[in-house]
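Fold and geometry: a report
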Amino acid sequence: MLVCPSSIGLSSRTLRFLAGQLTARRQKIGTRWRRLSAARQALLALAHLRCGDTYAQLAAGFGIGIATVYRFIREAVEALSALAPSLEEAMRTIRAKAFVILDGTLLPIDRIAADTPYYSGKHKRHGMNVQVLTDSFGRLLWVSPALPGSTHDLTAARQYGIIEALADAGLKCWADKAYQGAGGGVRVPFRGRRLKRWKRRHNTTHAKIRCIGERAMATLKGWRLLRKLRCSTNRITDVVKAVLVLHNASA
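Residues numbered from 1 in each chain as written. Predicted model: local features only at pLDDT ≥ 70, side-chain atom pairs only at ≥ 80, totals over all residues. Heavy atoms only, no water.

1. Description of helix 8 (residues 197-210)
The cut-off we apply is this: Only runs of H or I of at least four residues qualify as helices and only runs of E of at least two qualify as strands under DSSP, and these elements are numbered from the N terminus. The span one expects for a helix is its residue count, reduced by one, times 1.5 Å. Under the scheme applied here, a residue whose accessible area is under 20% of the maximum for its type counts as buried, over 50% as exposed, and between as partly exposed, the area being computed with a 1.4 Å probe on protein chains only. Directions are taken from the helix axis to each C-beta atom, and the arc is the one they span. Every residue pair with non-hydrogen atoms within 4.5 Å of one another is taken to be in contact.
Given a rise of 1.5 Å per residue, 14 residues ought to cover 20 Å, and the 20 Å separating the end C-alpha atoms of helix 8 matches this to within 8%. Within helix 8, the full set of buried residues consists of Asn-203, His-206 and Ile-209. Here the buried residues of helix 8 occupy an arc of 125° about the axis, which is enough to place them on one side. In helix 8, those exposed residues whose orientation departs by more than 90 degrees from the buried face are Arg-197, Arg-201 and Lys-208. Along its buried surface, helix 8 packs onto strand 1 (99-108), strand 6 (172-174) and strand 7 (186-187).

Structure (structure tokens):
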């Protein structure tokens, strides 16, 4: 199986970035020999993240063992997730923005009905709740650690201090109805069916602004691995952060 950056929908710039990070990591830990070069390991990890290729498929394509594939991918994900900004670091960038958009998304996982904490009643499926902050152009700025899918968006935002951080920065924030009662400058649409005309106009304008944030969700779901995660729930946060770093590196 011949794998190249263009075949998995990624630029050479992204490949070079990840290869550079892996090379630096190898030099730091003093690695003398690997089955794959840093560039090939980067391509392996990107094929897994972007296309969702299984360990068995990658092992056959790169001519290495499944255990080696697992170690190489885990190393790459950990190296990338370590570069992801914390909320405090992201707020330094966000303060320069006119406004931000807050939204939550459910990343589907392969769990069974017995795993109640991961079942989202809203989406009627199992998954992990991730909170996302984007700028006025729909570009990803920050992603939260993953929580079980049953967690409400407002609960997740409060748990990670997003609402408080936005209020302290005095930033305007647009969000959907799930964040009703958030306060702190978070603007949400009016609820109800028989709304007055000015409230309907407000909701229309609000929707036009908030829909920009859907670009960020599309960016996340563009990485096929995030469409149905099969890894441990403890690793999902690292995977999402790795995707964020790669997205920003290629922007």
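From this point, the narrative continues.
2. A closer look at the environment of Gly-104
Note on placement: Gly-104 falls in strand 1. For Gly-104, a relative accessible area of 18% translates into the label buried. Once the C-alpha coordinates of Gly-104 and Thr-155 are considered, the two residues, 51 residues apart in sequence, prove to be 11 Å apart. Apart from the residues within four sequence positions on either side, Gly-104 is in contact with Val-130, Gln-131, Asp-153, Tyr-179 and Met-217.

3. Comments concerning the packing of aromatic side chains
Operational definition: Pairing of aromatic rings covers Phe, Tyr and Trp, the last counted by its six-membered ring, and requires centre-to-centre distances within 6.5 Å; plane angles under 30 degrees mean stacked, over 60 mean edge-to-face, and any other angle means tilted. A positively charged side chain is recorded as over a ring if its NZ (Lys) or CZ (Arg) lies within 6 Å of the ring centre. The angle to the ring normal must also be within 35 degrees.
Across all of its chains, the model carries three aromatic pairs by this definition. Plain terms: the ring middles of Tyr-55 and Tyr-70 are 5.9 Å apart, the flat faces sit at 75° to each other, and that makes the pair edge-to-face. Linking Tyr-55 in helix 3 (residues 55-62) with Tyr-70 in helix 4 (residues 66-81), this pair joins segments that are 15 residues apart in sequence. Accessibility expressed as a relative area gives 23% for Tyr-55, which makes it partly exposed. Relative accessible area serves as the criterion here: at 31%, Tyr-70 is assigned to the partly exposed category. With a centroid separation of 5.3 Å and 80° between ring planes, the pair formed by Phe-190 and Trp-198 is classed as edge-to-face. The ring of Trp-223 is capped by Arg-50, whose NZ or CZ atom sits 4.9 Å from the centre of that ring. In this structure, Lys-199 packs its charged tip against the face of Phe-190, placed 5.0 Å from the ring centre.

4. Topic: the nonpolar core
Definition in use: We define the nonpolar core as a collection of buried residues of types Ala, Val, Leu, Ile, Met, Phe, Trp, Tyr and Cys that are connected through side-chain atoms lying within 4.5 Å of one another.
Judged by nonpolar contacts, the single largest core of 48 residues is most densely connected at Leu-18, Leu-44, Val-132, Leu-226, Leu-229 and Ile-236. Among the elements of the structure, helix 1 (12-29), helix 2 (38-51), helix 3, helix 4, strand 3 (125-134), strand 4 (140-143), helix 9 (214-221) and helix 10 (236-250) are those that each provide at least two residues to this core. Counting 23 residues, the second-largest nonpolar core is a separate cluster that includes Leu-87, Leu-154, Ala-175 and Val-188.

5. Re the environment of Thr-205
In this structure, Thr-205 sits in helix 8. Residue classification places Thr-205 among the partly exposed positions, given a relative accessible area of 46%. Separated by 16 residues in the primary sequence, Thr-205 and Pro-189 have C-alpha atoms spaced 9.3 Å apart.

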